[in-house]
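Listed here are the chains, written in short residue letters.
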Amino acid sequence: MGDETGDKAWWTFSIDEAVRADPKQSRFTGEMDVNPVLSGGRRMLDYHKYIGLDHLLISQRPSSSIPDERVFITTHQLHEITFKMVAFDMAVVARTLESLTKVGDPTAILRRCSEDEPFWRPALTAAARASFACRELLPSIMRYLGDPRDADETFSSIEFSRFRKNLEPASGFQSAQFRLIQRGLGKSNLLSIRLFPSDTYRENYGDVHDSTATVVDPLILRHDAAVATPAKASSLALVTHLDAAAHRVLDAIGELGHGKTAAPEHIVSADIDRAIATLERILSSKRRDVSGDVLEERKRRHTAAVEWFREDMASAVVAENDRREHLRRARAGAQVLRALAPASHLATVLRHIVRADEALHDPAHDSFLSVHLRVTRERLRQVNAYAASRGEQEPSAGTGGGGIEYLGWAQKHLIPLFPALVAYREVGE
Ligand code: HEM
């Protein structure tokens with residue numbers, strides 16, 4: 001089976017109970033059949049072929065003979081496979097919610113939110129899996145690279161420093177699937193903001209842009225850019241519909257609410273000011289050890305970067321606040337759901353999506369990004385200490401992107417401004 005067929009098979013799924021319950025309808029035939037009848041009348045599928053072991057196990061190509069590099073590759077791959085699964089599960093939920101709005105009147109939709117378990121089953125397991133993967137799997141997998149809170153050292157910073165330069169400018173920052181997931185979790189407006197970490201990419205990939213880039217810019221994501229920003233007709237587009245599909249269902253139920261409801265809270269100018277003040281502090285720290293022409297050139301670039309950020313942030317906030325203005329009825333729908341059907345299938349699914357978002361991003365908890373930050377900070381601290389102990393120059397703070405400060409800044413000041421299911425979450429448990 002070729003990769004294209006594999007991808008087609010992966011994304012060909014049905015939430016229709018009649019199809020799922022009937023093997024004649026659900027089983028793939030022709031080129032998508034993984035276990036065709038061969039000429040002798042036998043079927044020959046085995047474990048090895050079914051899970052594509054040949055492809056899977058030759059996809060680890062280290063840059064060095066250093067043993068610890070192997071876990072560095074596999075940790076990233078485990079994340080990407082998990083991201084793939086999370087993105088798929090979000091698509092299952094999105095399609096279920098989209099088909100729910102076709103049910104008709106709000107009372108029928110609300111009834112269906114509690115009844116018809118077979119209709120909900122794929123979305124229930126998918127939402128629970130997405131939440132489980134983000135809460136349990138991703139932070140655990142990340143710890144494979146050495147969480148300072150774990151007793152045993154599973155990955156050595158000294159060894160890391162010996163192969164890290166071989167990989168520049170590659171960085172997990174370029175994970176397009178992570179950006180796709182963030183889109184599905186209501187962060188598209190955030191992803192349109194140009195941030196500062198594009199110098200390294202511009203230098204290394206020879207791009208002609210003379211500006212900072214968004215995290216989904218093809219300059220950064222390269223051949224994977226279409227994954228983070230899928231075309232309308234692509235299978236991945238469904239993943240990006242999740243947040244809007246959930247709000248549309250709530251909007252329909254909102255008709256059953258009483259009176260006027262407020263829009264979800266807006267992002268305010270103080271939020272923007274805080275983000276800019278921190279960005280300016282980070283950038284000025286990057287000018288601390290330079291002087292003369294280099295300092296002047298950096299100052300020019302940093303001033304421009306802050307201006308671009310201010311502009312983009314302002315338009316992202318206008319777009320986001322405008323979107324929220326249109327979520328008044330969805331907010332009313334969330335209130336109806338909490339009051340009338342808090343234990344419904346819909347409420348369960350939405351709770352899982354909110355949990356998945358928090359488990360990926362929340363700075364106040366052991367989220368994927370928090371564990372990543374803890375691991376990275378410790379790794380880079382140790383790499384620098386090792387370099388200093390040998391009288392060597394400290395390596396640059398980041399691999400390809402803006403470095404460690406960018407991570408903490410974005411997690412604390414930007415991402416929380418764009419939560420998933422904003423109209424639902426605000427109404428409270
Ligand atoms: C020793 C291990 C790691 C180090 C030192 C490290 C370092 C970094 C740094 C410095 C950044 C900021 C951008 C840059 O300067 O390149 C970053 C971003 C990122 N890394 Fe890692 N990383 C590590 C492991 C991982 C793993 C295993 C993943 C899994 C896919 C990952 C995913 C990401 C993502 C998604 C971002 C962007 C986060 C955001 O924009 O909010 N990293 N990493």
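Residues numbered from 1 in each chain as written. Predicted model: local features only at pLDDT ≥ 70, side-chain atom pairs only at ≥ 80, totals over all residues. Heavy atoms only, no water.

A.B. asks: I keep staring at the side chain of N189 and nothing clicks. Help me out?
C.D. replies: Considering the arrangement of structural elements, one finds N189 in helix 11 (residues 188-191). Of the residues examined, N189 reaches a relative accessible area of 18% and is grouped as buried. Contact partners of N189, with chain neighbours within four places excluded, come to A316, A319, E320, R323 and F418. (Helix = DSSP H or I, 4+ residues; strand = E, 2+ residues; numbered from the N terminus. Buried < 20%, exposed > 50% of the residue type's maximum accessible area, 1.4 Å probe, protein only. Contact = heavy atoms within 4.5 Å.)

A.B. asks: It is not clear to me how helix 19 (residues 328-340) should be interpreted in this structure. Could you clarify?
C.D. replies: Helical geometry note: an α-helix holds 3.6 residues per turn, so side chains three or four residues apart project in the same direction. Compared with an ideal rise of 1.5 Å per residue, which puts 13 residues at 18 Å, helix 19 spans 18 Å between its outermost C-alpha atoms and is within 8% of the ideal. If you check which residues of helix 19 are buried, you get A330, R331, A332, G333, A334, V336, L337 and R338. Elements that come into contact with the buried residues of helix 19 comprise helix 7 (106-114), helix 16 (242-254), helix 20 (345-361) and helix 23 (422-425). (Expected span 1.5 Å × (residues − 1).)

A.B. asks: What am I meant to see in the domain arrangement of the protein chain here?
C.D. replies: By a frequent convention, interface size equals the accessible area lost on bringing the separate parts together. According to the domain assignment, the protein chain consists of domain 1 (1-59) and domain 2 (70-425). For domain 1 and domain 2, the distance between their C-alpha centroids amounts to 32 Å. At the junction of the two partners, domain 1 supplies eight residues and domain 2 supplies 18 residues. For the domain 1 and domain 2 pair, buried surface summed over both sides reaches about 1,200 Å², with 70% attributable to carbon and sulfur atoms. On inspection of domain 1 and its partner domain 2, the count reaches zero salt bridges. Looking at the side of domain 1 that touches domain 2 residue by residue, the class counts come to five nonpolar, one polar and two charged. (Domains from an automatic or database assignment. Buried area = accessible area lost by both parts, 1.4 Å probe. Salt bridge = Lys/Arg side-chain N within 4 Å of Asp/Glu carboxyl O. Nonpolar A, V, L, I, M, F, W, Y, C, P; charged D, E, K, R; others polar.)

A.B. asks: Sorry, what's going on with the environment of Q25 here?
C.D. replies: Its location among the elements puts Q25 in helix 3 (residues 23-26). For the pair Q25 and S14, spaced 11 residues apart in sequence, the C-alpha separation works out to 9.9 Å.

A.B. asks: Help me out: how do you make sense of the packing of aromatic side chains in this one?
C.D. replies: Remark: the centre distance and the inter-plane angle together describe each pair of aromatic rings, the angle taken between the planes. In total, this model carries 17 aromatic pairs according to the counting rule given. Measuring from ring centre to ring centre gives 6.0 Å for F72 and F155, while their planes differ by 15°; the resulting arrangement is stacked. With F72 in helix 6 (residues 69-101) and F155 in the loop between helix 8 (117-143) and helix 9 (157-163), the pair connects residues that are 83 residues apart, well separated along the chain. Where F119 meets W120, the ring centres are 5.5 Å apart and the plane angle is 85°; that geometry is what we call edge-to-face. Across the pair, exposure class does not vary: F119 and W120 are buried alike. Within the aromatic cluster, the residues linked to one another by ring pairs are W10, W11, F13 and F88. Lying across the ring of W10, K84 places its NZ or CZ 4.4 Å from the centre. Taking NZ or CZ as reference, R338 lies 4.0 Å from the ring centre of Y424, over its face. (Phe/Tyr/Trp six-rings, centres within 6.5 Å; stacked < 30°, edge-to-face > 60°. Lys NZ or Arg CZ within 6 Å of the ring centre and 35° of its normal.)

A.B. asks: Would you explain the site of the ligand in this entry?
C.D. replies: For the ligand, the set of nearby residues contains 25 residues, the closest of which are S171, R179, H372, G403 and Y406. Here an oxygen atom of the ligand and a side-chain polar atom of S171 are 2.7 Å apart. At a separation of 2.9 Å, a nitrogen atom of the ligand approaches a polar side-chain atom of H372. Every element with two or more residues in the shell around the ligand is listed here: helix 6, helix 10 (176-184), helix 21 (368-389) and helix 22 (404-414). Considering each element in turn, the shell around the ligand owes the most residues, five residues, to helix 6. Across the shell around the ligand, the residue classes break down as 10 nonpolar, 13 polar and two charged. (Near = heavy atom within 4 Å. Polar contact = N/O pair within 3.5 Å; in protein donor to acceptor, adjacent residues only side chain to side chain.)

A.B. asks: Any chance you could explain the pattern of salt bridges here in plain terms?
C.D. replies: Pairs can form between side chains of opposite charge once their charged atoms are near each other. Enumeration according to the criterion identifies 35 salt bridges in this entry. Residue D116 is joined to R112 by a salt bridge in which the shortest nitrogen-to-oxygen separation is 2.7 Å. Judged by relative accessible area, which is 26%, R112 ranks as partly exposed. D366 is paired through a salt bridge with R149; the nearest N and O atoms lie 3.6 Å apart. Taken together, the residues span a long stretch of sequence, with D366 in the loop between helix 20 and helix 21 and R149 in the loop between helix 8 and helix 9 at a distance of 217 residues. Shared partners join several salt bridges into a network, and the residues in it are D147, R149, D366 and R374.

A.B. asks: In this structure, what is going on with the nonpolar core? I would like to understand it.
C.D. replies: Counting residues in hydrophobic clusters, the biggest one holds 112 residues, and the most contacted among them are W120, F309, L337 and W409. Sorting elements by how many residues they give to this core places helix 6 first, with 13 residues. Counting contributing residues per domain, this core is built from domain 1 (1-59) and domain 2 (70-425), each supplying no fewer than three. (Core = buried A, V, L, I, M, F, W, Y, C linked by side-chain atoms within 4.5 Å.)

A.B. asks: Before we go on, may I ask you to explain a nonpolar patch on the surface in this structure?
C.D. replies: Taken together, the side chains of V34, L45, Y47, Y50 and I51 define a hydrophobic patch exposed on the protein surface, amounting to about 520 Å² of accessible area. Examined against the element boundaries, Y47 turns out to sit in helix 4 (residues 47-50). Given a relative accessible area of 63%, Y47 falls into the exposed group. (Patch = residues over 30% accessible without salt bridge, like charges linked within 9 Å, V, L, I, M, F, W, Y side chains within 5 Å. Areas by Shrake-Rupley, 256 points an atom, 1.4 Å probe, with all protein chains shown as cover.)

A.B. asks: What should I look at first to understand helix 1 (residues 3-11) in this one?
C.D. replies: Every buried residue of helix 1 is accounted for by T5, A9 and W11. Those residues of helix 1 that are buried are in contact with helix 6 and helix 15 (237-240).

A.B. asks: Whenever I open this one, the coordination of the iron atom of the ligand confuses me. Can you help?
C.D. replies: In ideal tetrahedral geometry, four donors around a metal make angles of 109.5 degrees, whereas ideal octahedral geometry with six donors gives angles of 90 or 180 degrees. Protein coordination of the iron atom of the ligand is limited to a single donor, H372 (NE2), which sits 2.1 Å from the metal. Examined against the element boundaries, H372 turns out to sit in helix 21. (Donors = N, O, S within 2.8 Å, 3.2 Å for Na, K, Ca; no water.)

A.B. asks: Would you explain the environment of T74 in this entry?
C.D. replies: Among the structural elements, T74 can be located in helix 6. In this structure the C-alpha to C-alpha distance between T74 and Q60, which are 14 residues apart in sequence, comes to 7.1 Å. Reaching out from T74, the side chain makes a polar contact with the backbone oxygen of V71 at a distance of 3.3 Å.

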